[in-house]
Amino acid sequence: MVTHSPKDAYLYKKVITIGTVCELTGLSERQIRYYEKRKLIFPERTERGNRKYSFSDVEALMDIANKMEDGMQTSELRKEMQKKESKRYDNKLRERMIRGQLNAYFNKRD
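Residues numbered from 1 in each chain as written. Predicted model: local features only at pLDDT ≥ 70, side-chain atom pairs only at ≥ 80, totals over all residues. Heavy atoms only, no water.

As recorded in an unreviewed UniProt entry, the protein chain goes by the name MerR family transcriptional regulator, listed as coming from Sporolactobacillus shoreicorticis.

Dropping the structure here:
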């Protein structure tokens, strides 16, 4: 799970309806649902089943639409997203390992 600083937390809050996302992006509901079906976007669902998106999702949808317009396939986009997520995970893991090593080093000196 990705954690975010309080400063940028609003970017990731899932509060925007699909209708508003359509207005913001120029995409149709059908396109947005297709990107969800292809596992390129992951909205939350309300108890009634309505989709809720974040500002970060809106940015991702605009990026997806631009890349699709340039001829990229959804499978290529998914692979690209997985690489980015893997790299983000690797960086977080590396950061935790280094922090642990530093803590161990400085605690040992006390």
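From this point, the narrative continues.
Moving on, we come to the nonpolar core. Counting 15 residues, the largest nonpolar core has Val 21, Leu 27, Ile 32, Tyr 35, Tyr 53 and Leu 61 as the members making the most contacts within it. Put simply, the parts of the chain that give this core at least two residues each are α1 (18-25), α2 (29-37) and α3 (55-69). (Core = buried A, V, L, I, M, F, W, Y, C linked by side-chain atoms within 4.5 Å. Buried < 20%, exposed > 50% of the residue type's maximum accessible area, 1.4 Å probe, protein only. Helix = DSSP H or I, 4+ residues; strand = E, 2+ residues; numbered from the N terminus.)

This paragraph deals with the sheet that holds strand β1 (residues 16-17). Read from one edge of the open sheet, three strands run β1-β3-β2, paired in antiparallel fashion. Two strands in the sheet have a free side with no partner beyond their single neighbour: β1 and β2 (44-45). Pairing geometry for β1 and strand β3 (residues 51-53), over two bridges, is antiparallel. Bridge assignment links Ile 16 to a residue of β3, and that residue is Tyr 53. (Pairing = 2+ DSSP bridges.)

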